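Structure at a glance
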Amino acid sequence: MDGTAIIVILAVAGVASIFLFALKGLLDQIPDVLHSATRARDAWDTFRRADTPPPALPVDESQEPPAAA
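Presented here is an overview of the structure given in this document. (Residues numbered from 1 in each chain as written. Predicted model: local features only at pLDDT ≥ 70, side-chain atom pairs only at ≥ 80, totals over all residues. Heavy atoms only, no water.)

A short note on the overall build of the chain
A tally of regular secondary structure across the chain gives one helix and zero strands. Going through the 69 residues of the chain one by one, you find that 0% of them count as buried. Here the chain displays about 6800 Å² of accessible surface, and carbon together with sulfur accounts for 69% of that area. (Helix = DSSP H or I, 4+ residues; strand = E, 2+ residues; numbered from the N terminus. Buried < 20%, exposed > 50% of the residue type's maximum accessible area, 1.4 Å probe, protein only. Areas by Shrake-Rupley, 256 points an atom, 1.4 Å probe, with all protein chains shown as cover.)

So, in C-alpha cells, the structure goes:
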C-alpha cells in the first residue's frame, strides 16, 4: 500500500509536468500566430484595394484604339 501511494503521486506529478510543458509550448506560439494574422489581414486589405476597378479615362482621350496604318 505504501508503494502504491508513491507511484500515484509520481504519476500525477508526471502528468502535471507534461501538461505544463505542452501549455508553455502553446503559449510560446501566440506572438507568432498574432504576427501571422496581422500579415494575412494586411495582404487581404491590399488584395481588396487592388480589386477595385481602374479609374475612368480622362475626357480628352478617345475611347477607341488608334487605327492601324
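This is not the end of the story, as more comes after the structure.
Considerations on the packing of aromatic side chains
Where two aromatic rings form a pair, the distance of their centres and the angle of their planes describe that pair. Summed over all chains, the structure comprises one aromatic pair. Ring geometry for Trp44 versus Phe47: centroids 5.5 Å apart, planes at 35°, classification tilted. Of the two residues, Trp44 and Phe47 are both situated in helix H1 (residues 2-50); the distance of three residues between them amounts to about one turn of the helix. Trp44 gets classed as partly exposed once you look at its relative accessible area, which sits at 48%. (Phe/Tyr/Trp six-rings, centres within 6.5 Å; stacked < 30°, edge-to-face > 60°.)

Remarks on the pattern of salt bridges
Two side chains of opposite charge can pair, provided their charged atoms sit close to one another. Applying the stated criterion across every chain, the model contains two salt bridges. Among the ionic pairs, Lys24 bridges to Asp28, the shortest N-O distance being 2.9 Å. Here Asp28 and Lys24 lie together in helix H1, a separation of four residues that amounts to about one turn. Asp42 is the salt-bridge partner of Arg41, the closest N and O atoms lying 4.0 Å from each other. (Salt bridge = Lys/Arg side-chain N within 4 Å of Asp/Glu carboxyl O.)

Side note on a nonpolar patch on the surface
A contiguous nonpolar surface patch, about 600 Å² in accessible area, is contributed by Phe19, Leu20, Leu23, Leu27, Ile30 and Leu34. Here Phe19 is to be found in helix H1. Overall, the relative accessible area of 54% leaves Phe19 in the exposed class. (Patch = residues over 30% accessible without salt bridge, like charges linked within 9 Å, V, L, I, M, F, W, Y side chains within 5 Å.)

A word on H1
Counted at 1.5 Å a residue, the expected span for H1 with its 49 residues is 72 Å, and the 72 Å between its end C-alpha atoms agrees. The sharpest bend along H1 comes to roughly 30°, located at Ile30, with the proline Pro31 sitting one to four residues further on. (Expected span 1.5 Å × (residues − 1). Bend = angle between axes of the 7 residues up to and from the residue.)

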